[in-house]
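Descriptive analysis of the structure
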Amino acid sequence: MVSFTEAQLLAWISPLIWPFFRVLALFGSLPVLSQRTVPVRLRVALAFFITVCAQASLPPMPVVPLDSADALLMLLQELLIGLSLGFAVRMTFAAVEMAGELVGLQMGLNFAGFFDPATGGQATAVSRFFGVVVSWLFIVINGHLLVVAALVQSFHAFPVGPEPFAFLRAVQPQVWGAEIFSLGLWIALPLVAMLLFTNLVLGFISRVSQQMNIFAIGFPITVIVGLGGVLLTLPLMQVPLTMSLEKMLTYFQ
């Protein structure tokens, strides 16, 4: 008859259960994978698969009773780190979408708002287009593999322990919001400058030729120039996206 003690069972479960909760929390907040179109069972299975595959590179896990206060604090820590890692990647996506908001505002396309099922709120045409493009680019540049690598390294930078708020004191996530404005303005600045120059030219034309109805021709010209600028700057979006993603992932390494 096969028998085992509670200590042996905890020794078998501990190396799997704590990384599993951290990976599962990441998949619950990571862009692309956290959408409603991705089944929950797929996220759970993928989290368990990554947990098993990463066992060789993970540090030893503490063995504590699952009904103790330390186990509750460790569970809180794992969920907090996993959600924060997904939130850091979401900051990069939000910065690109903010650039789309600024460009759409200058083009006059922000009147075309619609419901965004990914976020549950309103989104504009250009912002949603930038969001779709950055989602594709995230997969193409193997951003999901970079996130998984940063997750594995986070177990060395922030080992499993009964101090969930030590992570917050170390990475200071309250300052991550500045990345949205810096990256968003960096991406949108060339297009905003181009559209501003277009508006200045249209204003000069309206003063020189006052009989011309500038409102009838100004909007189509602005939209055409804006769409042309978007088309020209799309190949250059990989550089700021990669730099911002690597910068956010360094907090966990």
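Because the structure is predicted, anything quoted here is derived from the model rather than measured. Position numbers for residues count from 1 along each chain, tracking the sequence in the order it is written. Reporting in this predicted model follows two pLDDT cut-offs: at least 70 for local features of residues, and 80 or more for side-chain atom pairs to be given and counted; totals over whole chains, interfaces and linings ignore these cut-offs and use all residues. Working from all heavy atoms in the structure, the side-chain values ignore hydrogens and water.

Looking only at helices and strands, the protein features nine helices and two strands. Two things to know: the radius of gyration comes from C-alpha atoms, and the globule rule equals 2.2 Å times the number of residues to the power 0.38. Its C-alpha atoms give the protein a radius of gyration of 24 Å, more than 25% over the compact-globule value 18 Å for 253 residues. Judged by the C-alpha coordinates and their principal axes, the protein covers about 95 × 35 × 30 Å. Sequence-distant contacts, at least 24 apart, represent 79% of the contacts inside the protein between residues at least 6 apart. Here the protein has roughly 13,900 Å² of accessible surface; of this, 72% comes from carbon and sulfur atoms. Distance between charge centres in the protein, computed from 9 positive and 10 negative side chains, equals 12 Å. Put simply, DSSP H or I for four residues or longer makes a helix, DSSP E for two residues or longer makes a strand, and each gets a number counted from the N terminus. Contacts are assigned to residue pairs that have any heavy atoms within 4.5 Å of one another. Surface exposure here means Shrake-Rupley accessible area, sampled with a 1.4 Å probe, where a residue is shielded only by the protein chains that are shown. Here Asp and Glu are counted as negative and Lys and Arg as positive; His is not counted, and neither are the chain ends. By convention, the point assigned to a charge is CZ for Arg, NZ for Lys, CD for Glu and CG for Asp.

Attention shifts here to empty space enclosed by the protein. Lining residues are those with an atom within 4 Å of a point, where the points come from a 1 Å grid over the protein atoms alone and group into cavities, where a 1.4 Å probe fits but cannot get out, or pockets, open sets with protein on both sides within 12 Å along at least five of seven lines. Grid points are joined across faces, edges and corners, and a volume is the space filled by probe spheres set on the points. Tallied over the full model, the rule gives one cavity of 30 Å³ or more. Of the voids in this model, the largest cavity is the one considered here, and its volume is about 30 Å³. Lining the largest cavity are Pro19, Val23, Ile50, Thr51, Ala54, Leu58, Leu151, Val152 and Phe155. Listed by contribution, the elements that provide at least two residues to the lining of the largest cavity are helix 1 (6-29), helix 2 (40-53) and helix 5 (143-157). Residue contributions to the lining of the largest cavity peak at three residues, all from helix 5. Residues are sorted three ways: Asp, Glu, Lys and Arg are charged, Ala, Val, Leu, Ile, Met, Phe, Trp, Tyr, Cys and Pro are nonpolar, and all the rest, Gly among them, are polar. Each residue belonging to the lining of the largest cavity can be placed in one class, and the counts come to eight nonpolar, one polar and no charged.

In this text, buried Ala, Val, Leu, Ile, Met, Phe, Trp, Tyr and Cys residues form a nonpolar core when linked through side-chain atoms within 4.5 Å. When accessible area is computed with a 1.4 Å probe and restricted to protein chains, residues below 20% of their type maximum are described as buried, those above 50% as exposed, and intermediate ones as partly exposed. Counting 58 residues, the largest nonpolar core has Trp18, Val89, Phe130 and Val147 as its most contacted members. Residue assignment for this core shows that the elements contributing at least two residues are helix 1, helix 2, helix 3 (69-107), helix 4 (125-140), helix 5, helix 6 (166-171), helix 7 (177-208) and helix 9 (238-249). Of all the elements, helix 3 adds the most residues to this core, at 15 residues. For Phe130, the contacting residues outside a window of four places in its chain are Val96, Ala99, Gly100, Ile187, Leu191, Val230 and Met237.

To estimate the expected span of a helix, count its residues, drop one, and scale the result by 1.5 Å. Helix length check: helix 5 (15 residues) gives 20 Å between terminal C-alpha atoms against 21 Å at 1.5 Å per residue, within 8%. Taken residue by residue, helix 5 has Gly143, Val147, Ala150, Leu151, Val152, Ser154 and Phe155 as its buried positions.

Relative to the helices and strands, Thr51 is located in helix 2. Using a relative accessible area of 2% as the deciding quantity, one classes Thr51 as buried.

Below, the discussion takes up the layout of surface pockets. Gaps left between atoms show up when a probe the size of a water molecule is rolled over them. Roughly 150 Å³ of internal volume is contained in the second largest pocket. Among the secondary structure elements, those contributing two or more residues to the lining of the second largest pocket are helix 2, helix 4 and helix 5. Considering each element in turn, the lining of the second largest pocket owes the most residues, three residues, to helix 5. Looking at side-chain class alone, the lining of the second largest pocket contains eleven nonpolar, one polar and no charged residues.

This brings us to the confidence of the model for the protein. On average, residues of the protein score 81 in pLDDT, and 91% of them reach the 70 mark or higher. For every residue, the predictor assigns a confidence score, pLDDT, that lies between 0 and 100. Looking at the elements of the protein, mean pLDDT is at its lowest for strand 1 (residues 113-116), recorded as 61, and at its highest for helix 2, recorded as 88.

There is a patch of nonpolar side chains on the surface, built from Leu9, Trp12, Ile13 and Leu66 and spanning about 370 Å² of accessible area. If you trace the backbone, Ile13 turns up in helix 1. A patch is a set of surface residues, each over 30% in relative accessible area and not in a salt bridge, joined within 9 Å for like charges and within 5 Å for the nonpolar side chains Val, Leu, Ile, Met, Phe, Trp and Tyr. Any carboxyl oxygen of Asp or Glu that lies within 4 Å of a side-chain nitrogen of Lys or Arg is treated as forming a salt bridge with it.

Moving on: the side chain of Gln77. The residue Gln77 is located in helix 3 in this model. According to the relative accessible area criterion, Gln77 is buried, its value standing at 4%. Setting aside residues up to four positions removed in sequence, Gln77 forms contacts with Pro159, Val160, Gly161, Glu163 and Pro164.

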